[in-house]
Amino acid sequence: MPPPTSSTSSSLPLVVTLNCIDDPTLEQALLSHVATVSHVPLTHLTTSSSLLSSASAVIIHSLSYLPRAAQRRLQPNHLILCLGSPDRSLDSSLASDLGLPNLVHVDVSRDEEVADTVMALVLSLLRKTHLLSRNGSGSSAGLGLGSGWLGTVQGGACKGMRRCRGLVVGIVGRSKSAKALANRILSFRMNVLYFDVLDENGKVTRSSISFPPSARRMDTLNDLLAASDVISLHCALTNETVHILNAESLQHVKPGAFLVNTSSSQLLDDCAVKQLLIDGSLGGCALDGAEGPQWMEAWVREMPSVLILPRSADYSEEVWMEIREKAVAILQSYFYDGIVPKDAISDEEVEDSAMSNQNEQLINQERQIVPLISEITQATSDNQPGRASSQTMGGNQAKEPPSHHMGSSQDALMQSDGRRSRSGKKAKKRHGRQKSGQKFGDPSSLGKESTSTHEDDAAMSGTDQVLSSSSRFASPEDSRNRKVPLESLQDSTPSQLKRSVKKLAEVPGELLRDGYVVALYAKDRPALHVSRQRVKGGGWFLDTMSNVTNRDPAAQFLVVLRSKDTIGLRSFAAGGKLLQINRRTEFVFASHSFDVWESWTVEGSLDECRLVNCRNTQAVLEVQIEILAAASEEDGITRWLG
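Keep in mind that this is a model prediction, so the values were computed, not measured. (Residues numbered from 1 in each chain as written. Predicted model: local features only at pLDDT ≥ 70, side-chain atom pairs only at ≥ 80, totals over all residues. Heavy atoms only, no water.)

**Student:** Tell me what's going on with the sheet that holds strand E8 (residues 216-217), and back it up with residues and numbers.
**Tutor:** Taken in spatial order, the 7 strands of this open sheet run E8-E7-E6-E9-E10-E11-E12, and their pairing is parallel. Each edge of the sheet is formed by a strand with only one pairing partner; in this case those strands are E8 and strand E12 (306-309). Summarising the sheet, strand E9 (residues 230-233) and strand E10 (residues 257-261) pair through 4 bridges and their orientation is parallel. The partner of Ile-231 across the bridge, within E10, is Leu-259. Sheet strands touched by helix H5 (residues 111-127): E9, E10, strand E11 (282-288) and E12. Its angle to E10, the strand with the most contacts, is close to 155°. The sheet strands contacting helix H10 (residues 270-279) are E10, E11 and E12, and the helix crosses E11 at an angle near 140°. (Pairing = 2+ DSSP bridges. Helix = DSSP H or I, 4+ residues; strand = E, 2+ residues; numbered from the N terminus. Contact = heavy atoms within 4.5 Å. Axes fitted to C-alpha atoms, helices over the stretch in contact; angles between N-to-C directions.)

In structure tokens:
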């Protein structure tokens, strides 16, 4: 329970902001009579430990992004607000491990921001605006401006620019951001295809989100890839969607297509995508955040068709202000009522979950109405063989049965329209539903429409199959990504190590340098050290596995120099977190920032190496190190060795 509030500022509860709000002026103004708000920089955490311990509430961006020292200073009685955390499940799991029961996630819907960013990336790839601005801002020689503009654009940096109208954009996944993107794409007179990702049972995931009527659903992912000029990923990361675009599926991509991914980076097989970019099979790609040595800055400079954002696709000043205002409202309720609130994510998500049952009922109603109208149409066609004869008959008895059934159908539709109109935020959908209700007034038109839609879908699927078969090509990364038994891997390890050491011997300095990518082999048995999660969405720890290769991102670690004598090892699979020792002397990945727990000293050679923790010298990891990639001093490009 929070301490009682008072009118004097000295007795007001304290709210501390750590790593998300540098200027808490807004919070101070809105909570002036409720609480005192103060910002504590992470660099002053040691000197301000007493201020943090006396706080009633703490506002942070993400618990997993806090340094380990800051995490240990949080107390169970603190109300911790995570504003816009990128990984809620990881923060919740970490809070459970740290014994912090009052963790509340505060966020709002960001689908419009994601759709705006994807549309901007698509236009930039198609129109090459990023290249033109880069060349134009450098010097006049970049585009040959000194010799005349028109004489250079046709064969210079403008080569490969595409017209938007008529292109096909394929959307993988069904989400609100995907629907918002489809509306934007259609306004540019481009075509939209989409593919519903299957769940663990191999069935299409049920969702109340519907694409615009002009968008076409594809039966298979390969058909969508073969027919799309631009591919955009909008599916969540699950066991079924990890590497949904791998070396095998990317063989079906239309030559010269563009790839955009603002979702999880684990949806892509990065090595296969890079190889297609080098081969020219992909015209370009745009990513919102990237992990792994294949996306290092030195290599990206070689590929002007690659755009990488710093995980900013879902950000806007409006979103951030809405999150802060919602956090203030939560604090006001907390200090006035003394009740720990639940997660406050998005009003639209709550509304959608409340309306999901109504949508299912409406779908079932429509399924019952359509067969009924089909029966009426069939009976009418049997009794009235010709349109002219039906007009001259004028019999009321022939019209009564259809009108009777149609009345019940229209009543059901009016009820469904009434239920749908109760949501004020869904007002835009009412007009379309009223149109669908009017179409039911003409049974024959409904039957023709459903038949033509089915035929169009079938025709599109058949066309895409032809495109798919004509645009297949083999990927050189396919053989490299194919997993091999560990026995053969272990046989080739000594030769690979000798070759790596020989190449790196030309570079003066330490044995392990900053930016090296290494694999750690266990010494007691034929296995690789890998980073794994205990449970889905849980914490990461170091494990040994015998059924993986050094090409697996879980077995790859980035060397980071802490000082001349100490290093750190970042895990690619764990999102760049550092290998460390916890209080139970377990090898885990829990922090992105350096502390004494994450620092290691290297003893011995690569073949006989001992990693000793600087905080606990009893924590020793005996490994055999293989250097997988290193940066050249000549051009600074990181390349795979061997």
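**Student:** How would you explain the side chain of Thr-241 if you had to name every residue and give the values?
**Tutor:** Secondary-structure assignment places Thr-241 in the loop between E9 and E10. Looking at Thr-241, its side chain comes within polar contact range of the main-chain oxygen of Ala-236, at 2.7 Å. Side-chain polar atoms of Thr-241 contact the backbone nitrogen of Thr-238, separated by 2.7 Å. (Polar contact = N/O pair within 3.5 Å; in protein donor to acceptor, adjacent residues only side chain to side chain.)

**Student:** Describe the pattern of salt bridges, naming the residues involved and giving the relevant values.
**Tutor:** The final tally for this structure, using the stated rule, is 13 salt bridges. Among the ionic pairs, Arg-110 bridges to Asp-314, the shortest N-O distance being 3.2 Å. Here Arg-110 is found in the loop between strand E5 (103-106) and H5, whereas its partner Asp-314 is found in the loop between E12 and helix H12 (317-337), with 204 residues between them in sequence. Look at Asp-314 and you get partly exposed, because its relative accessible area is 26%. One salt bridge in this structure joins Asp-229 and Lys-254, with 2.9 Å as the shortest N-O distance. Here Asp-229 is found in the loop between helix H9 (221-227) and E9, whereas its partner Lys-254 is found in the loop between E9 and E10, with 25 residues between them in sequence. Through salt bridges that share partners, Arg-88, Asp-107, Arg-110 and Asp-314 make up one connected network. (Salt bridge = Lys/Arg side-chain N within 4 Å of Asp/Glu carboxyl O. Buried < 20%, exposed > 50% of the residue type's maximum accessible area, 1.4 Å probe, protein only.)

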